Amino acid sequence: MNDNSPLRAEDRARAAIDRAMALAPDMRASIFTSFDAARILDDARALDADAGRSRKPLAGLLVSIKDLFDEAGIATTAGSTILGSEPAAARDAEAVRRLKAAGAVAFGRTTMSEFAYSGVGLNPHFGNPSNALDPARITGGSTSGGSVTVALGLADVALGSDTGGSVRIPAALNGLSGFKPTQASVPLDGAFPLSQTYDSIGPLARTIAECAAVYAVLSQTQRPDADTVRSPRIGVARGLLTEGLDEQVARDFDLALERLAAGGFELVDLDLPMLDGFGSVNRILVATEAHAIHKDRLAALETVGDARVLSRIRAAEGFGASDVQDAHAKRKYAVAAFEILARDFDAFVAPTVPTVAPLIADVEADFDRLNASMLRNPSAVNFLDGCAATLPMQGDQKLATGLMLFAPGGADWRVLDLAEKAQAILDA
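**Student:** Explain helix 15 (residues 412-427) here, please?
**Tutor:** Residues that lie three or four places apart on an α-helix share one face, since the helix turns once every 3.6 residues. Here helix 15 is 16 residues long and its end C-alpha atoms lie 22 Å apart, about the 22 Å a rise of 1.5 Å per residue gives. Along helix 15, the positions that sit buried rather than exposed are D412, W413, V415, L416, D417, L418, A419, A422, Q423, I425 and L426.

**Student:** Can you help me understand the packing of helix 9 (residues 278-294) against helix 14 (residues 367-383) in this one?
**Tutor:** Relative placement of two packed helices is described by the angle separating their axes and the distance separating the axes. Axis separation between helix 9 and helix 14 bottoms out at 10 Å; the angle between their running directions is 70°. What the angle tells us is that helix 9 and helix 14 run roughly perpendicular. Here F278, V281 and N282 of helix 9 lie close against helix 14, whose contacting residues are R376, S379, A380 and F383. Its residues assigned to classes, the contact of helix 9 with helix 14 comprises four nonpolar, two polar and one charged.

**Student:** Before we go on, may I ask you to explain the nonpolar core in this structure?
**Tutor:** The nonpolar side chains of soluble globular proteins are, as a tendency, buried together. Ranked by size, the top nonpolar core spans 98 residues in total, and within it F69, L99, L159, L272, L403, L405 and F406 carry the most contacts. Contact partners of F406, with chain neighbours within four places excluded, come to A237, L241, L272, F338, A347, F348, V349, A350, V381, C387, A388 and V415. Membership of the second largest hydrophobic core comes to 18 residues, among which are A9, A16, L62 and V105.

**Student:** What exactly am I supposed to notice about the side chain of S195 here?
**Tutor:** Mapping S195 onto the fold places it in the loop between strand 5 (177-180) and strand 6 (201-205). Its relative accessible area of 0% is what places S195 among the buried residues. Each residue touching S195, except ones within four places of it in the same chain, is listed here: T163, V286 and E289.

**Student:** Sorry if this is basic, but what is going on with the environment of D162 here?
**Tutor:** When you line up the elements, D162 lands in the loop between strand 4 (157-161) and helix 6 (168-173). Take D162: its relative accessible area is 0%, and that puts it in the buried class. Once you skip the residues sitting within four places of it in the chain, D162 turns out to touch V167, R168, K180, Y198, D199, S200 and N382. At 3.2 Å, the side chain of D162 forms a polar contact with the backbone nitrogen of V167. Of the polar contacts made by the side chain of D162, one reaches the side chain of R168; its length is 2.8 Å.

**Student:** Is there a simple way to think about the pairing of strand 10 (residues 386-392) in this case?
**Tutor:** In regular strands, side chains alternate between the two faces of the sheet. Taking burial as the measure, the seven residues of strand 10 include seven buried ones, the bulk of the element. On strand 10, burial covers both faces: G386, A388, T390 and P392 on one face and C387, A389 and L391 on the other are all buried. Note: strand 10 against strand 11 (residues 402-408), seven bridges, orientation antiparallel. Counterpart to L391 in the pairing with strand 11 is L403.

**Student:** Explain the packing of helix 8 (residues 247-262) against helix 15 here, please?
**Tutor:** The contact between helix 8 and helix 15 brings their axes to 9 Å, and the two run at 105°. Between helix 8 and helix 15, the angle is such that the two are roughly perpendicular. Contact residues: A256, R259 and L260 in helix 8; A422, I425 and L426 in helix 15. Residue composition of the contact of helix 8 with helix 15, grouped by class: five nonpolar, no polar and one charged.

What counts, and at which threshold
- Residues numbered from 1 in each chain as written.
- Predicted model: local features only at pLDDT ≥ 70, side-chain atom pairs only at ≥ 80, totals over all residues.
- Heavy atoms only, no water.
- Helix = DSSP H or I, 4+ residues; strand = E, 2+ residues; numbered from the N terminus.
- Expected span 1.5 Å × (residues − 1).
- Buried < 20%, exposed > 50% of the residue type's maximum accessible area, 1.4 Å probe, protein only.
- Axes fitted to C-alpha atoms, helices over the stretch in contact; angles between N-to-C directions.
- Parallel < 35°, antiparallel > 145°, perpendicular 65-115°, else oblique.
- Contact = heavy atoms within 4.5 Å.
- Nonpolar A, V, L, I, M, F, W, Y, C, P; charged D, E, K, R; others polar.
- Core = buried A, V, L, I, M, F, W, Y, C linked by side-chain atoms within 4.5 Å.
- Polar contact = N/O pair within 3.5 Å; in protein donor to acceptor, adjacent residues only side chain to side chain.
- Pairing = 2+ DSSP bridges.

Put into structure tokens, the structure is as follows:
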């Protein structure tokens, strides 16, 4: 993904900085927790002066950084004021280091749900970023600010994390592409944790091809030769993942399936019985692990934290050791069952989220229900220890909807290849 344009990295960075500074101050503050134009330009100039620039696969790419990834010399807030006074990071997170080594220029640190613990993207400390397609609606979370940087053309790519959909939800709601890799494929070193069981790292971008280029760097893997002969066999995940779809998502999903079938995809309707009760398992494991991370901050968070996030963390206090043990056992069984089912398919498909982006006012009034709605489909993939791509399927409609292609862990490049093919069909 070399930047072969005549513009130097400094020129591209300066133009993007000008676009960011032209935003209203409150809007810019809701997108970025930190935006150091001088630092961005220094990094771009250093890249331009690098004799090996032309060999760097991401040379000149502007990548916004979710504010849970360490960057040397900057305090990592993870969307919370309680961490703002912590010492600055001594070194870059490994994912950030790999991107910079490949020629990417870090373009500001972006807002997020506090501690990455919601799928809607609200944040009482830094402000609620507005959906790029309708400012009255949520961006989705938790990579909320990152999605807006790409949707508004400020950055080429956003580096995000995905514990239950935090890359795919904001990508889908803002008309973008996103990729949640297999958890083990990208190191979590230097990323502030939410759940060691579910946390993963991935990109949001305009296209799946851009996501694939970034994934290659993050995972330090190369795309294998693709199967260009056989028609891909795709399981259409009926049942839970297609329940309660709103009118636009249902219509867009049906049309996307029709177009994929016409484009050579073999589609087979099926259910995923191993997802039975998965939401309860996710709640137990994520809340328990988050509680362990934040146990020494709970009293302070009563005063300075997001009450919605604190409530989700404190839910762990109602679970016992046997609940956690049972949850791990159920997940282990489900992962194995999914891998067996997947032997007969190249991938599976479902709507990324069941509705278009809700109104911010509605989410503030009905957080628990709407947050659960946003998380339901994408978090199923994290439960199954899988990998997943989301791509836009709304065509030229005002509000965005997302199509999710997913498969068991380890099938990352297959999912990316299929998603690129699907995107070409849907964009034709």
